[in-house]
Amino acid sequence: GQDIEGLTFLDLYAGSGAVGLEAISRGAKEVAMVEKDPKNAETIRENCQILGIDLGEQYWLLEADVFASIKGLAQKGKTFDIVFFDPPFDRNLAKKTLKCPGVNDILHAHSFLVVQHDPAERVDVPEHMKFVSERRYGASQLTILQKVTD
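Per the stated rule, a full pass over the model turns up 5 salt bridges. A salt bridge links R45 to E42; the shortest N-O distance between them is 3.2 Å. Taken together, the positions of R45 and E42, both in helix α2 (residues 38-51) and 3 residues apart, correspond to about one turn of that helix. Judged by its relative accessible area of 31%, R45 is partly exposed. Here D124 ties to R122 by a salt bridge, and the two come within 2.5 Å at their closest N and O atoms. Residues participating in the shared-partner salt-bridge network are E42, R45 and E63.

Written as structure tokens, this is what we have:
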């Protein structure tokens, strides 16, 4: 039940877009959803249409690989208040995403990283980040990290 009114939100591995759409409904001022699977991307577009959400300036869908998207966003100088990701559980993607070059560049001084992952997969706190909290929900765990300024 985090208050995200007026914040910018990035949803990586967006799937059906449920998390990004939830962020929009809670008043996030900008939401980017990244999903490379064409079927899932189509579902996101359909869900936006049903909910009357215009994809364009404020809310957008990147139909691309997460790592390429992070790199592209970093090169454009985009930063987000909250970066959420819930990668498929069986491929160590949480770790790989945290280590992705550019991930630090899409965060500003006090941004939060929220990782939903398999509790069996340990999430190491990367440089420039501090551990905030973790919560267990059934078969998944949420780990919240925050960028620290030097």
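Below, the discussion takes up unusual backbone geometry. The backbone phi angle of Y13 is positive, close to 55 degrees, even though this residue is not glycine. Along the chain, the position of Y13 falls in the loop between β1 (8-12) and α1 (18-25). One non-glycine residue with positive phi stands out, namely N92, at about 55 degrees. Position of N92 relative to the elements: it lies in the loop between β4 (80-85) and α4 (93-99). N92 sits in the partly exposed class, given a relative accessible area of 41%.

Pairs of aromatic rings are described using the distance from one ring centre to the other and the angle between the two planes. In the structure shown here, the tally under the stated rule is 1 aromatic pair. Summarising the aromatic geometry, the rings of W60 and F80 are spaced 6.5 Å apart at their centres and angled 50 degrees between planes, so their arrangement reads as tilted. Placement of the pair is W60 in strand β3 (residues 59-62) and F80 in strand β4, with a sequence separation of 20 residues. Residue W60 is classed as buried on the basis of its relative accessible area, which comes to 16%.

Let us look at the side chain of S133. Summarising the element assignment, S133 is placed in strand β6 (residues 129-137). The buried category is assigned to S133, whose relative accessible area is 18%. In contact with S133, other than residues within four places in its own chain, are L142, T143 and I144.

This part covers the layout of surface pockets. Considered as a void within the structure, the second largest pocket measures approximately 200 Å³ in volume. What lines the second largest pocket is a set of 13 residues, and nearest its centre among them are Y13, E35, K36, V66 and P88. Grouping the constituent residues of the lining of the second largest pocket by class yields 7 nonpolar, 1 polar and 5 charged.

About the criteria used
Each chain has its residues counted from 1, following the order in which its sequence is written. Note on the predicted model: pLDDT of at least 70 is required for a residue's local features to be given, and 80 or more for side-chain atom pairs to be given and counted; whole-chain, interface and lining totals, by contrast, use all residues. Side-chain descriptors were evaluated using all non-hydrogen atoms of the structure, hydrogens and water having been removed beforehand. Every case where a carboxyl oxygen of Asp or Glu lies within 4 Å of a side-chain nitrogen of Lys or Arg is listed as a salt bridge. Numbering of helices and strands starts at the N terminus; helices are DSSP runs of H or I of at least 4 residues and strands are runs of E of at least 2. In this scheme, a residue with accessible area under 20% of its type's maximum is buried, one over 50% is exposed, and one in between is partly exposed, where area comes from a 1.4 Å probe on protein chains only. Here a Phe, Tyr or Trp ring, Trp counted by its six-membered ring, pairs with any other such ring whose centre lies within 6.5 Å, and the pair is stacked when the planes are under 30 degrees apart, edge-to-face when over 60, and tilted otherwise. By the convention used here, residues are in contact when the closest approach between their heavy atoms is within 4.5 Å. Residues are called lining when one of their atoms sits within 4 Å of a cavity or pocket point, these points coming from a 1 Å grid over the protein atoms alone, where a cavity is a set in which a 1.4 Å probe fits but cannot get out and a pocket is an open set with protein on both sides within 12 Å along at least five of seven lines. Grid points are joined across faces, edges and corners, and a volume is the space filled by probe spheres set on the points. Any residue that is not Ala, Val, Leu, Ile, Met, Phe, Trp, Tyr, Cys, Pro, Asp, Glu, Lys or Arg is counted as polar, Gly included; the first ten are nonpolar and the last four charged.

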